[in-house]
Amino acid sequence: MNQGDELNVAEANAINEQEMMQYIADKTKASQANIALVLKHEQAYINKAHENSKGNDVDIDGDDLADYILSRKDVKLDELTVEGILDAEMDYLMDKGHAGYVD
């Protein structure tokens, strides 16, 4: 396999952010700006959880994540909107085979 083939494989496994944003917007009717804001804070929460895990698996509780996002000063959304955005993102990631729930 040459380097070009490796890039194509990586691109195929990558998340299409634009497509995901549109998917979330279609399901939630939230604005692109609000979706981006929620996803930005979600990523910060996940990054911090990984830092604190010291190499162990990280279990992200959806309610704790939503509470964290709602506590950010720049988030002026209601809880249902934030949870809807997070749920739609998870639906998209599961549809694409990038995520799943742990029992």
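Along each chain, residue indices are assigned from 1 in the same order as the chain's sequence is written. Local features in this predicted model are restricted to residues whose pLDDT is 70 or higher, and side-chain atom pairs enter the listing and the counts only when it is 80 or higher, whereas totals over whole chains, interfaces and linings include all residues. Hydrogens and water are ignored here; the side-chain numbers use all heavy atoms of the structure.

**Student:** Could you clarify how one ought to interpret the side chain of E89 in this entry?
**Tutor:** Take E89: it is sitting in helix α5 (residues 79-95). The cut-offs for exposure are 20% and 50% of the maximum accessible area for each residue type, with area from a 1.4 Å probe on protein chains only; residues under the lower value are buried, those over the upper are exposed, and the others partly exposed. Think of it this way: Lys and Arg go in the positive column, Asp and Glu in the negative one, and His and the chain ends go nowhere. Salt bridges are defined as contacts in which a side-chain nitrogen from Lys or Arg sits within 4 Å of a carboxyl oxygen from Asp or Glu. One buried charged residue, E89, remains without a salt bridge, the closest side chain of opposite sign being K27 at 12 Å. Contacts between residues were defined by any pair of non-hydrogen atoms, one from each residue, lying within 4.5 Å. Residue contacts for E89: discarding those within four places in its chain leaves M20, I24, L39 and E42. A run of H or I in DSSP counts as a helix once it spans at least four residues, and a run of E counts as a strand once it spans at least two, with each numbered from the N terminus.

**Student:** Just checking my understanding: could you explain the pattern of salt bridges for this structure?
**Tutor:** Opposite charge on two side chains permits pairing when their charged atoms draw close. This structure, assessed with the given rule, holds three salt bridges. When the shortest N-O distance is used, the salt bridge between E19 and K96 registers 3.3 Å. In this pair, E19 sits in helix α2 (residues 17-28) while K96 sits in the segment after α5, placing the two residues 77 residues apart along the sequence. Accessibility expressed as a relative area gives 43% for K96, which makes it partly exposed. Of the charged contacts, one joins D74 and K40 as a salt bridge, the two residues approaching to 3.6 Å between their closest N and O atoms. Here the residue D74 occupies a position in the loop between α4 (62-71) and α5, and K40 occupies one in helix α3 (residues 32-53), the gap between them amounting to 34 residues. Assessed through its relative accessible area of 47%, K40 is described here as partly exposed.

Don't take any of this as a statement about function, it's just geometry.
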